[in-house]
Amino acid sequence: MTDLRGKTIAGTFYHAPEAGSLDILADALIRLDDRGDIAALHRSSDAGHGEARATALAKGSLVEMPTGSFVLPGFVDLHIHAPQYPQLGKALNVPLEDWLQRHTFPLEARYADVAFARRHYGALVRDLLSGGTTTALYFATVHEEATRLLVDLCIEAGQRALVGKVAMDNPDECPPYYRDASAAAALSGTRAVIDYVAAHPDNHGLVHAVATPRFIPSCTDAVLEGLGEIVAECGCHVQTHCSESDWEHGYALSRYGVTDTEALDRFGLMTRRTILAHSNFITPDDMDRIGARGAGVAHCPLSNAYFANSVFPLRAALEKGVRVGLGTDISGGPSASMLEVQRMTIAASRMLETGVDPSLPAERRGRPGSRVDFDLAFHLATAGGGAALDLPVGIFAEGYHFDALLIDPAAQGSTLRIVEEADDAAGVLQKTINTASKANIVAVWVGGRSVANGATP
Ligand code: GUN
Ligand code: FE
């Protein structure tokens, strides 16, 4: 395992700083400072490349990536429920509102037991890192203690994370065994976790606290208002669910006479640091509002197939200036892999474009102009997620954290076959997004620190 802080890395790097375009840095050099941030980047064609290489070599700080392997930015999972990991791959056959009451709230309630939390949170953080998720925006549970533990585990494992104690106090929608005791308890618990993260001696900016109203149905107005005040005060991130399904979209309309987006905005919860999960049913006006506030959407296409009654209109949102990243939405989505999420993003967009009901004539079956391809999915899973979070991750550029994966097509158990004489650089990335698996992710770094898999270089 190599710690890359203070080192100069020689290799081929792929990233997609802008939507819809790839930037391939073949035989480039990236120099990290002692904190693991990118201090300099030299393309092979840059005048200073040779000298930078010679200097690093002379200092003994040059680290060469193995031939045939290449480096990607780490993946940003923009929406994930940490406590739902034990349920991954199960309970997918009932609608959202039943799934919450019958399966998910009973599971989340078990995190009152800190030993249970330690076991499952520990496994999740390790599994995510080895799958290439270097940043995760987590929902925890209502429990303050287990939420603090998730913060500790991310810091220990070296995962960049944003963690929220879930606020849910509405007795009409949340069962007595799993809700905040009162609005005041929800707010003081949120503040306590924010303070805990800020004062954590080993944090050094790796983990951030998040105001996390579960979604409008779970929260009383007092909680939504109070969280809005906390956010105005501390400038922390916000994470919630927005217009996810027919039922959920309809709930806000009937309670407030406006959409989730407008209601959240009225409560001061629509900021540049807000991430709205799903948002399948947002209107064009909602998109304008979200874009104007600079908030982001976590598109969770696997989960949407089970719980959202629709495909998120990704292209339309991007064209309206909405910042978008991708999320697994564990366990609404039955995979922890951000590679799988990218594939489903592409597939779902194709289904939206062509439509899915063969009994309809082709011209009435779908929504033309909806498709996205691997380059955009890759952008969203990396740079898009980083931009939505307002964090310097997801691309290789000066000042950004070096959060990265080493992909080895020749790894043991590889599902990625590169054909040298047929695959150009873009083809290699396309194949990676579409066919690579955990076996191909042979090293993972967060801020230059080796955090998983630990292969050769
Ligand atoms: N809406 C409220 N809670 C949840 C949750 O845990 N998962 C999903 N997908 N939607 C939600
Ligand atoms: Fe969710």
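Let me sum up the structure you'll find in this document. Computed from a predicted structure; not experimentally measured. (Residues numbered from 1 in each chain as written. Chains lettered and ligands numbered in written order. Predicted model: local features only at pLDDT ≥ 70, side-chain atom pairs only at ≥ 80, totals over all residues. Heavy atoms only, no water.)

**Comments concerning unusual backbone geometry**
Here is step 1: With omega at -5°, the peptide bond leading from Ile-330 into Ser-331 counts as cis.
Here is step 2: Within the element layout of this structure, Ser-331 appears in the loop between strand E14 (323-326) and helix H12 (338-354).
Here is step 3: In the Ramachandran plot, His-278 falls in the positive-phi region, its phi being about 75° despite a non-glycine side chain.
Here is step 4: Mapped onto the fold, His-278 is located in strand E12 (residues 274-278). (Helix = DSSP H or I, 4+ residues; strand = E, 2+ residues; numbered from the N terminus.)

**Digging into helix H4 (residues 144-157)**
Here is step 1: Along its 14 residues, H4 runs 20 Å from first to last C-alpha, staying within 8% of the 20 Å computed at 1.5 Å per residue.
Here is step 2: For H4, the complete set of buried residues consists of Ala-146, Thr-147, Leu-149, Leu-150, Val-151, Asp-152, Leu-153, Cys-154 and Ile-155. (Expected span 1.5 Å × (residues − 1). Buried < 20%, exposed > 50% of the residue type's maximum accessible area, 1.4 Å probe, protein only.)

**Re the coordination of the iron ion (ligand 2)**
Here is step 1: Surrounding the iron ion (ligand 2) are the protein donor atoms His-79 (NE2), His-81 (NE2), His-241 (NE2) and Asp-329 (OD), which sit 2.1 to 2.2 Å from the metal.
Here is step 2: Coordination geometry of the iron ion (ligand 2): the 4 donor atoms subtend angles of 85 to 176° at the metal centre, consistent with an arrangement described as irregular.
Here is step 3: For the iron ion (ligand 2), the single-chain donor residues occur in sequence as H-x1-H-x159-H-x87-D. Of the two residues, His-81 sits in strand E6 (residues 75-81) while His-241 sits in strand E11 (residues 237-242), which places them 160 residues apart along the sequence. Each member of the pair, His-81 as well as His-241, is classed as buried. (Donors = N, O, S within 2.8 Å, 3.2 Å for Na, K, Ca; no water. Tetrahedral: all angles 85-135°; square planar, octahedral: opposite > 155°, others 65-115°.)

**As for the nonpolar core**
Here is step 1: Counting residues in each nonpolar core, the largest one holds 95 residues, and the members touching the most others are Tyr-121, Tyr-138, Leu-150 and Val-207.
Here is step 2: Setting aside residues up to four positions removed in sequence, Tyr-121 forms contacts with Ala-82, Pro-83, Tyr-111, Ala-140, Thr-141, Ala-146, Leu-150 and Leu-153.
Here is step 3: Core analysis: the next-biggest nonpolar cluster, separate from the first, contains 19 residues, Ile-30, Leu-406, Ala-411 and Ala-443 among them. (Core = buried A, V, L, I, M, F, W, Y, C linked by side-chain atoms within 4.5 Å. Contact = heavy atoms within 4.5 Å.)

**Points about the pairing of strand E7 (residues 133-139)**
Here is step 1: Counting buried residues along E7, 7 of its 7 residues qualify, which places the element largely inside the surrounding structure.
Here is step 2: Here E6 runs beside E7; their pairing, made up of 5 bridges, is parallel. Among the inter-strand pairings, His-81 is bridged to a residue of E7, identified as Phe-139.
Here is step 3: In this view, the connection linking E7 to its parallel neighbour strand E8 (residues 160-164) by way of H4 has right-handed handedness. (Pairing = 2+ DSSP bridges. Right-handed = clockwise from strand over helix to strand, strands pointing away.)

**Remarks on helix H9 (residues 284-293)**
Here is step 1: Taken as a whole, H9 has its buried residues at Asp-286, Met-287 and Ile-290. Here the buried residues of H9 occupy an arc of 100° about the axis, which is enough to place them on one side. H9 presents Pro-284, Asp-285 and Ala-292 as exposed residues on the side facing more than 90 degrees away from its buried surface.
Here is step 2: Looking one or two residues beyond H9, the residue adopting positive phi is Gly-294, at roughly 75°. (Arc of directions from axis to C-beta.)

**Some thoughts on the environment of Tyr-251**
Here is step 1: Residue placement: Tyr-251 occurs in helix H7 (residues 246-256).
Here is step 2: For Tyr-251 and Ile-216, which are 35 residues apart along the polypeptide, the C-alpha to C-alpha distance reads 8.2 Å.
Here is step 3: When residues no more than four places from it in sequence are discounted, the contact partners of Tyr-251 are Asn-170, Glu-173, Ile-216 and Pro-217.

**A short note on the pairing of strand E1 (residues 8-15)**
Here is step 1: Counting buried positions along E1 gives 8 out of 8 residues, so the element sits mostly inside the fold.
Here is step 2: As paired elements, E1 and strand E4 (residues 62-64) share 3 bridges and run parallel to each other. Pairing of Ala-10 across the sheet is with Glu-64, part of E4.
Here is step 3: Pairing of E1 with strand E2 (residues 23-32) involves 7 bridges; the strand directions are antiparallel. By the bridge assignment for E2, Thr-8 is matched with Arg-31.

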